[in-house]
Amino acid sequence: VPKGRSENIAKGKSMQLKVTMEDAYGPLSKESYKYEWTSTRPENITVNQKGVVKAIKGSGTTSVYAKTTDGSGMFATAYLYATVAPKEISLDGVGRLKVGEKKAYEIGISSSGNGDVYYDSVRVEINKEGLGYSPISVGKFHLIGNKKGTYVVRIYTVDGTNRVKKYKIIVE
């Protein structure tokens, strides 16, 4: 799965997979291998012979295999999840914190159709040091006001939909 993406793919979105092979001696040169790509559930997620996967439905787990064509029997597996695109991302209780204060926040995700939306398709990023971040559970986290200032909390999807919401937090 490419850096900056999750194993979740929103319905109608695509992603390029890359193969990494290793043996007992370390990484193998991927240029020396050709692969046959297959999907265990092409009704959910398809794959072409270049390793590009696409979510067809909005729910379901699929394994995608890249098997070498040289007869060696080597293969790589990616476990992927088809999801529906999030319609809206929200964050409750946004506003102000005092220095030293710790406050719990919850991400809200609404679905744009029938199927599953996964919270692990969403990432949280803070624009600069001084505002602490600590995960609580799926979709919930603490922000800690470590230093006075104005901060931007960016919440974004990594399922191919590229949804982004930004929230201003002021630490006093």
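Keep in mind that what you see is a predicted model, and the values were worked out from it rather than measured. (Residues numbered from 1 in each chain as written. Predicted model: local features only at pLDDT ≥ 70, side-chain atom pairs only at ≥ 80, totals over all residues. Heavy atoms only, no water.)

**Quick word on the confidence of the model for the chain**
Detailed reading of the predicted coordinates is not advisable wherever pLDDT falls low. Applied cut-off: Values of pLDDT, ranging from 0 to 100, describe the predictor's confidence in every residue of the model. Each helix is a run of H or I in the DSSP string that is no shorter than four residues. Each strand is a run of E no shorter than two, and both are numbered from the N terminus.
In the predicted model, the chain carries a mean pLDDT of 86, and the fraction of residues at 70 or more is 91%. Averaged pLDDT values for the elements of the chain fall to 76 in strand β3 (residues 22–23) and rise to 96 in strand β6 (residues 45–47).

**Quick notes on the environment of Asn48**
This is how the line gets drawn: Polar contacts, as counted here, are pairs of nitrogen or oxygen atoms within 3.5 Å of one another; within protein the pair requires one atom able to donate a hydrogen and one able to accept it, and residues that are adjacent in sequence qualify only if both atoms are side-chain atoms.
Its place among the elements puts Asn48 in the loop between β6 and β7 (52–55). Distance from Asn48 to Trp37, taken between C-alpha atoms, is 6.7 Å for residues 11 residues apart in sequence. Within polar-contact distance, the side chain of Asn48 engages the backbone nitrogen of Val52 at 3.0 Å.

**Notes on the sheet that holds strand β10 (residues 86–91)**
Our working rule: DSSP-based pairing: two strands are paired if at least 2 bridges between them are found. An axis is simply a line fitted to the C-alpha atoms; with a helix, the fit covers only the stretch in contact. Between two such axes, the angle follows the N-to-C directions and lies from 0 to 180 degrees.
Spatially, β10-β12-β15-β14 is the arrangement adopted by the four strands of the open sheet, whose pairing is antiparallel. Unpaired on one side and paired on the other, β10 and β14 (131–137) mark the two borders of the sheet. Each strand of the sheet is rotated relative to its neighbour by a mean of 25 degrees, with strand direction disregarded. In this structure, strand β12 (residues 102–111) lies alongside strand β15 (residues 140–145), joined through five bridges in antiparallel fashion.

**Structural notes on the nonpolar core**
Worth spelling out the cut-off: Joining through side-chain atoms within 4.5 Å is the link that ties buried Ala, Val, Leu, Ile, Met, Phe, Trp, Tyr and Cys residues into a set, and such a set is a nonpolar core. A simple rule labels every residue: compare its accessible area, found with a 1.4 Å probe on the protein chains alone, to the largest value its type can have, and call it buried under 20%, exposed over 50%, or partly exposed in between. Residues are treated as being in contact if the distance between any of their heavy atoms lies within 4.5 Å.
One finds Leu17, Trp37, Val53 and Leu80 to be the most contacted residues of the largest nonpolar core, which totals 18 residues. At the level of secondary structure, the elements contributing two or more residues to this core comprise β5 (35–39), β6, β7, β8 (60–68) and β9 (75–83). No other element matches the four residues that β9 contributes to this core. If we ignore the near neighbours within four places in the chain, the residues touching Val53 are Ile9, Lys13, Ser14, Met15, Leu17, Ile45, Thr46, Val47, Val64 and Leu80. In terms of nonpolar packing, the next biggest core, distinct from the first, is built from 16 residues, Leu91, Leu131, Tyr151 and Val171 among them.

**Side note on unusual backbone geometry**
The phi angle at Asn162 is positive, at roughly 60 degrees, despite the residue not being glycine. With respect to the element layout, Asn162 can be found in the loop between β16 (149–157) and β17 (164–171).

**As for the environment of Thr46**
With respect to the element layout, Thr46 can be found in strand β6. For Thr46, a relative accessible area of 29% corresponds to the partly exposed category. Residues in contact with Thr46, not counting those within four places in the same chain, are Val52, Val53, Lys54 and Ile56.

**Describing the pairing of β9**
Note: strand β1 (residues 8–10) against β9, three bridges, orientation parallel. In the sheet register, Ala10 faces β9, and the bridge partner there is Thr83. Of the pairings in the sheet, the one linking β8 to β9 comprises eight bridges and is antiparallel in character. Residue pairing across strands places Ala66 opposite Ala76, the latter belonging to β9. As consecutive antiparallel partners, β8 and β9 are separated by six residues, and within that stretch Gly71 has a phi angle of approximately 85 degrees, a positive value.

**Looking at the environment of Val84**
Tracing the backbone through its elements, the reader meets Val84 in the loop between β9 and β10. Between the alpha carbons of Val84 and Val138 there is a distance of 18 Å; along the sequence they are 54 residues apart.

**Thoughts on the pattern of salt bridges**
When charged atoms on two side chains of opposite charge get close, those side chains can pair. What counts, and what does not: Basic side-chain nitrogens of Lys or Arg form a salt bridge, by our definition, when they fall within 4 Å of a carboxyl oxygen of Asp or Glu.
A complete count under the given rule lists four salt bridges for this structure. Residue Arg96 is joined to Glu172 by a salt bridge in which the shortest nitrogen-to-oxygen separation is 2.8 Å. You can see Arg96 sitting in strand β11 (residues 96–97) and its partner Glu172 sitting in the segment after β17, a full 76 residues away along the chain. Residue Arg96 is classed as partly exposed on the basis of its relative accessible area, which comes to 49%. Among the residues examined, Glu172 registers a relative accessible area of 41% and is labelled partly exposed. A salt bridge links Glu125 to Arg154, with the shortest nitrogen-to-oxygen separation between them at 3.0 Å. Note that Glu125 is positioned in strand β13 (residues 122–126) and Arg154 in strand β16, a separation of 29 residues in sequence. The class for Arg154 is partly exposed, based on a relative accessible area of 24%.

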